[in-house]
Amino acid sequence: MTFEVFHKDGNARTGVLHTVHGDVETPVFAPVATNATVRFVPHVFLHDMGYRMILSNTFHLLLKPGEDVIRSFGGLHRFMSWSGAILTDSGGFQVFSLPHRKITDEGVEFRSPIDGSLIFLTPERATEFQELLGSDIAMVLDVCMNPYEAEDEIWRSVDRTLKWAVRCKEVHTRSDQALFGIVQGGISEKLRQYSAEETVRIGFDGYAVGGLSVGETIEETLAMLDVVLPILPEDKPRYFMGLGTPELILESVERGIDIFDCVYPTRVGRHGTAMTWTGRLNVKSAVYRMDPRPVDEKCDCYTCKNFSRGYIHHLFNRKEALGMILLSIHNLYFMNQFVRKIRDAIQEGRFQDFKQEFLSSTSLEVSK
Ligand SMILES: [Zn+2]
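Residues numbered from 1 in each chain as written. Predicted model: local features only at pLDDT ≥ 70, side-chain atom pairs only at ≥ 80, totals over all residues. Heavy atoms only, no water.

### A closer look at the packing of aromatic side chains
With the rule as written, the count across this model stands at 14 aromatic pairs. When the centroid spacing of 4.9 Å and the interplanar angle of 70° are considered together, the rings of phenylalanine 73 and phenylalanine 79 count as edge-to-face. On the basis of an interplanar angle of 50° and a centroid distance of 6.4 Å, the ring pair of tryptophan 277 and phenylalanine 338 is categorised as tilted. Of the two residues, tryptophan 277 sits in the loop between strand E15 (273-276) and strand E16 (279-282) while phenylalanine 338 sits in helix H14 (residues 321-347), which places them 61 residues apart along the sequence. Judged by relative accessible area, phenylalanine 338 falls into the buried class, the value being 0%. An aromatic cluster is present here, built from Trp277, Phe334, Phe338, Phe354 and Phe358 joined pairwise through their rings. The ring of phenylalanine 204 carries the charged tip of lysine 169 above its face, separated from the ring centre by 6.0 Å. Taking NZ or CZ as reference, lysine 341 lies 4.3 Å from the ring centre of tryptophan 277, over its face. (Phe/Tyr/Trp six-rings, centres within 6.5 Å; stacked < 30°, edge-to-face > 60°. Helix = DSSP H or I, 4+ residues; strand = E, 2+ residues; numbered from the N terminus. Buried < 20%, exposed > 50% of the residue type's maximum accessible area, 1.4 Å probe, protein only. Lys NZ or Arg CZ within 6 Å of the ring centre and 35° of its normal.)

### Considerations on the layout of surface pockets
Reported here for the largest pocket is a volume of approximately 760 Å³. Along the walls of the largest pocket sit 34 residues, with Phe93, Gln94, Gly242, Asp261 and Val263 positioned nearest its centre. Looking at the lining of the largest pocket, the elements that each hand over two or more residues are helix H5 (92-97), strand E14 (259-262) and helix H11 (264-270). Class assignment of the residues belonging to the lining of the largest pocket gives a composition of 13 nonpolar, 15 polar and six charged. (1 Å grid on protein atoms, 1.4 Å probe; cavity = no way out; pocket = protein on both sides within 12 Å on 5 of 7 lines; lining within 4 Å. Points joined across faces, edges and corners; volume = space filled by probe spheres on them. Nonpolar A, V, L, I, M, F, W, Y, C, P; charged D, E, K, R; others polar.)

Next comes the structure, spelled out in structure tokens:
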């Protein structure tokens, strides 16, 4: 994978990731395909909407279908029939969210939430499995911490993440797969700075900011980006892991982030919330029962071109899967249009105007 920066507007930038599975324009939002599927959205819709990269979760794929199945299919692209680029996380975030996991310098031991079997994930195993998956971008195994943990605990997680990053790099062999380092450090400026400097010193194809957008305040998130981003090399892609709300994407792009992923658009869609150019709209609200208008009058996605708020309200009322499908499609369409407009604005040198217009037009929620 190679990366080119095309335009800069302040610190915001557009570029392209060249992968063996095609080019991906940045800033990019990658939908999350946890179990090798973006829930409720067939691949053809993703492709037609313009998505060229998705994210899949190493942790989930390691549990099911497991290494033997992925090996027999010759990798994740063939297994799930996705021809675009794939980004895989390392499993760190999910493992550290489990209640009973044991971390040592060697790795992390946990019980499979599916069948209770004991699994030992090491930096080597996380890297080897991502090579088996054949993702275009792989991540190092990192130690994720609650940002409000005591500073010596956060310090230990930063130190361990750096040692594990070295081990991941040592066993990584695939030249057609990029390996990204991950900056940790909770909400400590000092630790974030140290983590960023040392990760850059090890040297990776790209850099991710991890362990943020996990419950800290927006001010704390942005303060950490302000510390980390100036340390990361200009010519490498930068990825904010797990961030997918439009407001924070704008703030992060402004500071120089290129890649985002999040379950947010599909998750809120499955719960009846549409993301629109005028705010968030809850189609389950009774006010939409007889509303013949599309979910978003400014949207030309499959859902908005064909269906009314009243019909989708009815589908949610009857708990029909199609309601969840239609809103997942709409929200992903919205997100792709959103990052596309961000790219256009950067290219035309009007990113600040776009940001202010977007924030003022969506400052009022459409409905509760
Ligand atoms: Zn739509």
